[in-house]
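A closer look at the structure
For reference, the chains in residue letters:
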Amino acid sequence: MQTTTTRSPRQRLRRALVSTLVLLLGGLAATGPAAAATTPPAEDGILSITPVTEVLTFGQKVVAVALEYGADVDPAALSTDDFSVLDSPYNFRAHDETDLDTLEPRTVTAVYTNDRPALRADGTSTRGTYVIVELDPADRGGNTVVRSMCDGFLCSEKLRDPLATQVVQLGDVHGYPTGEAPAPLLAAGSEDALPMTAPPVDPVVDEFRSDVMPFPGADLPYSYRLPADYDPSRSYPLVVVLHGWGSGFDGVNHGVNVAVDVMATSWVRPEWTGSEEDVIVLAPQNVRGDDEVEWTSVLALLEQFTGEYAVDADRTYVTTFSWGSTIAWNLMAERPDLFDAALIVSGFPVSEEQAASIATARTPVWITHATSDPVLPPDFGRTSAEVLRTAYTAAGAEDAEDLVRFTEYADDAFTYPDYHAATGPTYSDSSILRWVLAQDRSPNRIESVTPVTEVSSFGQQVTGLVLEYADVVDPASLSPADFTVRDTAYNFRFTGLEELENLVEREVADVYTTDDPALLLEQDRPEAPGRFVVVDLADSPEGGWTVMVSLCPTFLCSVIINPDQPTEVVQVGDVRAPSGAVISRGDADRAWPLTEPAINREVDQFVHATFESDVEGVTGPDRTVRYDYRLPDGYDPARQYPLVVALSGHGMGFDGQNERVQLVADMPATAWFQEEWTGTDEDVIVLAPQNARLGKELEAAQVLQLLEDFTGRFSVDERRVYATSVSYGSQLMWEMFSTRPELFAGGLLTGGFAADQDEYALIAAGEVPMWITHGTSDHLLPVENAEGAYDALVAAYRDRGLSEERISELALWTEYGDEAFSLPDYHLASAPTYEDSATLQWLLAQVRPVEDDGAAPGEEQGSDGPVETPVPDDAGTDEVPAGSGGALPTTGVPVAPMLAALLLLVTGGAVTLAVRRRSMG
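Residues numbered from 1 in each chain as written. Predicted model: local features only at pLDDT ≥ 70, side-chain atom pairs only at ≥ 80, totals over all residues. Heavy atoms only, no water.

Section: the overall build of the protein chain
We apply this condition: By definition, any uninterrupted DSSP run of H or I lasting at least four residues is a helix, any uninterrupted run of E lasting at least two residues is a strand, and each is numbered from the N terminus. Burial classes: relative accessible area under 20% of the type maximum marks a residue as buried, over 50% as exposed, and values in between as partly exposed (1.4 Å probe, protein chains only). Residues are treated as being in contact if the distance between any of their heavy atoms lies within 4.5 Å. We get accessible surface area from the Shrake-Rupley algorithm with a probe of 1.4 Å; when it comes to residues, only the shown protein chains can shield them.
When helices and strands are tallied, the protein chain shows 20 helices and 43 strands. Each of the 921 residues in the protein chain was classed as buried or not, and the buried ones make up 57%. Considering only residue pairs separated by 6 or more positions, the protein chain has 72% of its internal contacts joining residues 24 or more positions apart. Approximately 36,600 Å² of the protein chain is accessible, and the part contributed by carbon and sulfur atoms is 51%.

In structure tokens, the structure reads:
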């Protein structure tokens, strides 16, 4: 925490004089040894001074100084004015040794306390004996790497020891006051510049271990770092770092290859890689001897190291700078399968012979080079990319441009003008490092992706995914955060086809494992140990709808189940086996598309079939009626079951490529098997014919023939045959109920047409109960026409002399306001209709009386005379609203122009409301 204190004029004058003196010290140092005093700290003052270093783009640098005192320091009186730091502006990349002894002031950016010699990420104080003086990492000075011995024009680098860094404590430093006693003075302000007294602390570099591997011709020093929580039962990606010529071992510069730039340290720092993944880093420091000794010694080290540590054999990478590229090209040519990706920075060119060998393994390679490289010209990088791509293409690779990438940096990409060291801009781009870590030779990490769908009020939607892996997955290692699912924002009811490829992110609600995805058809959560991970998605209308517009012969469109559903999943986190071993490595940049047909809950239980009708006037292929049906689980032909005939809308009619779409476009076919929707567990048979849009008379006759054939083949309770319709299906219902009323016990007509005038009287004569529902804002079929149809039906019953009470049982009307629709398709009145289970229960409660020996409708002839027909015990018994019974004149209701009414494709705003979805029991 930085705190500013008020000082007297005399103190301010003293500070100004001392600051001037510090500047003079820096100037004097340019012509001779450092003139600053090097008096060691007093025992009762500063106990130790520790430089804190960090490896930045162009090498290691002092980024802070930690001063240790004899007691906890009170940060309240500390200020950046209390400290000054002097350091050498020397940088081996641009200066020679004559600048080594020069000292210049550094920029102090923060001062705070800590309990150890280390930076605090938030820059605030915690109680402790150390004062941390943070420095601007972008200013001149503080580099720890200097030139070492030079052989001709080729020089080595080494870590400077001791560092030139010095600190001046200008202000007094106090401890905490105790009681009424004044705060103790820990160290008085001084003009003395004090050297470092403790070895440097580097939080990342210090985690590297060093060793030497004996090797004939040249023992090989190396450094390596294991993850902080290294677990030998796991496997980790390995990055092999091959340095430039100057970082080679010269007898006095051991370990400089870790500090000279970010090549080694970046892989363990998420701010550089953009990933939290644990990585092992191996940095051999070759001795720059015989070429073959260099690369064979590195190969021997790699074989020894991977045998000793838990390295993922499918994720071993090499990254190089300058001379290190020669070692990499030799290794990759000798062992093409050795590395799973290579990052070659400012390197030497690969030969055609080497490229031909490397191409056999199609190892992904990313080459970077600078346009103004003064050491190795950019043609080296360009040539390597061209030669490799040619070799990869000759080896049969169709994606050579993607396998071999090349980036050339202009001067403005460099924060420091060392244009040979393209490591700077390369490692500053985390997407390059993520690309390296994403390369994986393990086959089919996700072996298959299967969508799970469900039908809700407004149609079918992807509600989950099943991911198949090669081995049994540990469910304890899974989290919803491990997966990201993206899906189409398109919905044929509201948006245009141009939205089909626009993907939105879906919320992952839960993940678990199963051993048999097929169980998802019968169970809501078939959790069990297995190779399959089920990714459940949150209930939301945002994305994942499976129905799309198909053929549009004129302005009338069909709909189809999208054969290329664009749903994709990204496995962000690792997927592990129960042993802890990684089965599939997380990769935030790789999206996996669907690979398998969908598991369609409720829909897949339907059987698809065809029926050949012989209706007069229908010829050729039109005689074939396509239909789907579902029998109850445990169907028993000795029992009798109610039958619901689901009549779909015009857009669901067969157009040559959209079979079965009538099951998924909305709920009327699938709801009857789900207690959540019906409010009853009664077993029901559903018959869902797919119209061919031939006209209501012909198609109604076809469905009636299909119905009679079906009831002859299956155990249907002929007293309880119902019809439900959407939009165009209402035309067929009016026709069927008026021509064969004795077949039906009731009907549910949603968002439909009015009937022909003569049909009302025929239906009234048959006393077929009908519940008509419609949306107030229906944009295709005006609500007035539907309400007029209801009024005409009521009038027909009154003409027959039925009581108002009886009429209210036979004719029901519901008009839904906009608020009743969970999505704004106000034509689809089946949505709010089916969301009210009382409506479905009403239909299942209707029983067609058996008319025999003159029994009146509503009575059944028994041995002792007429008796009331009982309602089955398992039928719904909820109270239902009665229809209005006001007398209205029977007038003709004009039928809306059929073509305009059958439009299914509409556009609208963003959908934000929730959609009700049923769940499996």
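A closer look at the pattern of salt bridges
In plain terms, the rule: The term salt bridge refers to a side-chain nitrogen of Lys or Arg lying within 4 Å of a carboxyl oxygen of Asp or Glu.
Per the counting criterion, the structure on display carries 51 salt bridges. Asp-72 is the partner of Arg-127 in a salt bridge, and the nearest nitrogen-oxygen pair spans 2.9 Å. With a gap of 55 residues between them, Arg-127 in the loop between strand S5 (108-114) and strand S6 (130-135) and Asp-72 in the loop between strand S2 (59-69) and strand S3 (83-87) connect regions that are remote in the sequence. A salt bridge links Glu-767 to Arg-806; its shortest N-O distance comes to 3.1 Å. Remark: Arg-806 occurs in helix H17 (residues 804-810) and Glu-767 occurs in the loop between helix H15 (757-766) and strand S40 (770-775); sequence separation between them is 39 residues. With relative accessibility at 11%, the residue Glu-767 sits in the buried group. Residue Arg-806 is classed as partly exposed on the basis of its relative accessible area, which comes to 26%. Salt bridges linked by common partners bring Glu-277, Asp-312, Arg-315, Asp-574, Arg-576 and Arg-585 together as one network.

Here we look at the sheet that holds strand S32 (residues 592-593)
Under the convention used in this document: Two strands are counted as paired when DSSP detects at least two bridges linking them.
Across the sheet, which stays open at both edges, the 4 strands sit in the order S24-S23-S29-S32 with antiparallel pairing between neighbours. In this open sheet, the two edge strands, each paired with only one partner strand, are strand S24 (503-506) and S32. Pairing between strand S29 (residues 568-571) and S32: 2 bridges, direction antiparallel. Along S32, the bridge assignment pairs Glu-568 with Pro-593.

Some thoughts on the packing of helix H6 (residues 352-359) against helix H7 (residues 378-394)
Inclusion rule: Axis lines are fitted through C-alpha atoms, for helices just across the contact stretch, and the angle between N-to-C directions can take any value from 0 to 180 degrees. Note on angle classes: values under 35 degrees are labelled roughly parallel, values over 145 roughly antiparallel, values of 65 to 115 roughly perpendicular, and the remainder oblique. Note: crossing handedness is left-handed where the near helix turns anticlockwise from the far helix by less than a right angle, and right-handed where it turns clockwise. Residues are grouped as follows: Ala, Val, Leu, Ile, Met, Phe, Trp, Tyr, Cys and Pro are nonpolar; Asp, Glu, Lys and Arg are charged; every other residue, Gly included, is polar.
As a packed pair, H6 and H7 sit with axes 8 Å apart at the nearest point and diverge in direction by 45 degrees. When the axis of H6 is compared with that of H7, the two are oblique. Crossing of H6 against H7: the hand is right-handed. Residues Glu-352, Ala-355, Ala-356, Ile-358 and Ala-359 of H6 form the contact with H7, whose own contacting residues are Val-387, Leu-388, Ala-391 and Tyr-392. Looking at side-chain class alone, the contact of H6 with H7 contains 8 nonpolar, no polar and 1 charged residues.

Concerning a negative patch on the surface
What counts here: Any residue with relative accessible area above 30% and no salt bridge may belong to a patch, with like charges joined within 9 Å and the nonpolar Val, Leu, Ile, Met, Phe, Trp and Tyr side chains within 5 Å. Only four residue types enter the tally: Lys and Arg on the positive side, Asp and Glu on the negative side; His and the chain ends are excluded. A charge is said to be at NZ when it belongs to Lys, at CZ for Arg, at CG for Asp and at CD for Glu.
Taken together, Asp-290, Asp-291, Glu-292 and Glu-334 make up a surface patch of like negative charges. Note on placement: Asp-291 falls in helix H4 (residues 291-308).

Considerations on the sheet that holds S6
Reading across the sheet, the 4 strands line up as S1-S2-S6-S5 and stay open at both edges, with antiparallel pairing between neighbours. The open sheet is flanked by strand S1 (46-56) and S5, the only strands paired with a single partner. When the angles between neighbouring strand axes are averaged without regard to direction, this sheet yields 25 degrees. Relative to S6, S5 runs antiparallel, the two sharing 6 bridges.

Focus on the side chain of Asn-658
How we decide: Any N or O atom pair separated by 3.5 Å or less is treated as a polar contact, with the protein-specific requirement of one donor-capable and one acceptor-capable atom, and with residues adjacent in sequence counted only for side-chain atom pairs.
Inspection of the secondary structure puts Asn-658 in the loop between strand S36 (641-647) and helix H11 (661-664). Polar side-chain contacts of Asn-658 include one of 2.9 Å to the backbone nitrogen of Asp-655. Residues in contact with Asn-658, not counting those within four places in the same chain, are Ser-558, Val-559, Ile-560, Gly-651, Met-652, Gly-653 and Gln-690.

Remarks on the pairing of strand S37 (residues 685-690)
The element S37 is extensively covered by neighbouring structure, given that 6 of its 6 residues are classed as buried. Both faces of S37 are covered, namely the face carrying Ile-685, Leu-687 and Pro-689 and the face carrying Val-686, Ala-688 and Gln-690. Relative to S37, strand S35 (residues 624-630) runs antiparallel, the two being bridged by 5 bridges. Directly across from Tyr-629, in S37, lies its bridge partner Leu-687. One ladder, built from 3 bridges, connects S36 with S37; its direction is parallel. Looking at the pairing, Val-644 lines up with Val-686 of S37.

What about the confidence of the model for the protein chain?
Inclusion rule: Every residue gets a pLDDT, meaning the predictor's confidence in that residue, from 0 to 100.
Considering every residue of the protein chain, the mean pLDDT works out to 87; 86% of them sit at 70 or more. Contacts of residues 1-43 to residues separated by more than four positions or lying in other chains number 57 contacts, the stretch itself having pLDDT below 50. For residues 853-921, every residue scores under 50 in pLDDT, and the model assigns this stretch 182 contacts once sequence neighbours within four places are set aside.

A few points about unusual backbone geometry
The peptide bond linking Asp-161 to Pro-162 adopts the cis configuration, its omega dihedral lying at 5 degrees. At Ser-322, a residue that is not glycine, the phi angle is positive and equals roughly 50 degrees. Phi is positive for Arg-693, which is not a glycine, with a value near 60 degrees. With relative accessibility at 23%, the residue Arg-693 sits in the partly exposed group.

Re the packing of aromatic side chains
Where we set the bar: Paired rings are identified among Phe, Tyr and Trp, the last through its six-membered ring, by centres lying within 6.5 Å, and are further divided according to the angle between planes into stacked (under 30 degrees), edge-to-face (over 60) and tilted (the rest). Counted as over-ring charges are cases with an Arg CZ or a Lys NZ within 6 Å of the ring centre that also lie within 35 degrees of the ring normal.
Scanning all chains against the criterion turns up 26 aromatic pairs. The interplanar angle of 85 degrees and the centroid separation of 6.0 Å between the aromatic rings of Trp-267 and Tyr-427 together place this pair among those described as edge-to-face. In this pair, Trp-267 is assigned in the loop between helix H2 (256-259) and helix H3 (270-273) and Tyr-427 in helix H9 (residues 423-427), connecting sequence segments 160 residues apart. By relative accessible area, which is 1% here, Trp-267 ends up buried. Plain terms: the ring middles of Phe-710 and Phe-714 are 4.5 Å apart, the flat faces sit at 35 degrees to each other, and that makes the pair tilted. Three or more aromatic residues joined by ring pairs form one cluster here, namely Tyr-222, Tyr-224, Tyr-230, Tyr-236, Phe-305 and Tyr-309. Seen from the ring of Tyr-176, Arg-127 lies directly overhead, with NZ or CZ sitting 3.9 Å from the centre.

Some thoughts on H7
Applied cut-off: Working rule for helices: expected span equals 1.5 Å times residues minus one.
Here H7 is 17 residues long and its end C-alpha atoms lie 25 Å apart, about the 24 Å a rise of 1.5 Å per residue gives. Within H7 the residues assigned to the buried category are Pro-378, Gly-381, Ser-384, Ala-385, Val-387, Leu-388, Ala-391 and Tyr-392.

Brief notes about the environment of Leu-551
Looking at the secondary structure, you find Leu-551 in the loop between strand S27 (547-549) and strand S28 (559-561). Given a relative accessible area of 41%, Leu-551 falls into the partly exposed group. Aside from chain neighbours lying at most four places away, what touches Leu-551 is Leu-556, Cys-557, Ser-558, Asp-655 and Gln-657.

What to know about the packing of helix H14 (residues 729-739) against H15
Relative orientation of the contacting elements H14 and H15 amounts to 50 degrees, with a least axis distance of 8 Å. Between H14 and H15, the interaxial angle falls into the category oblique. As for how H14 packs across H15, the hand of that crossing is left-handed. Across the interface between the two elements, Trp-734, Glu-735, Phe-737 and Ser-738 of H14 pack against Glu-759, Tyr-760, Leu-762 and Ile-763 of H15. For the contact of H14 with H15, the per-class residue count stands at 5 nonpolar, 1 polar and 2 charged.

Focus on empty space enclosed by the protein
So the rule is basically this: The definitions used throughout rest on a 1 Å grid laid over the protein atoms alone, on which a cavity is an enclosed set of points accommodating a 1.4 Å probe that cannot get out and a pocket is an open set flanked by protein within 12 Å on both sides along at least five of seven lines; lining residues are those having an atom within 4 Å of a point. Grid points are joined across faces, edges and corners, and a volume is the space filled by probe spheres set on the points.
This model, assessed by the stated rule, comprises 8 cavities of 30 Å³ or more. Lining the largest cavity are 15 residues, with Val-625, Gln-690, Asn-691, Ala-692 and Glu-699 positioned closest to its centre. At the level of secondary structure, the elements contributing two or more residues to the lining of the largest cavity comprise S35, S37 and helix H13 (696-713). In the lining of the largest cavity, the residues fall into 7 nonpolar, 5 polar and 3 charged. Each pocket or cavity is described by its volume, and for the second largest cavity that value is around 60 Å³. Contributing to the lining of the second largest cavity are Ala-646, Leu-647, Ser-648, Gln-662, Asp-666, Pro-668, Ala-669, Ala-688 and Val-726. Class assignment of the residues belonging to the lining of the second largest cavity gives a composition of 6 nonpolar, 2 polar and 1 charged.

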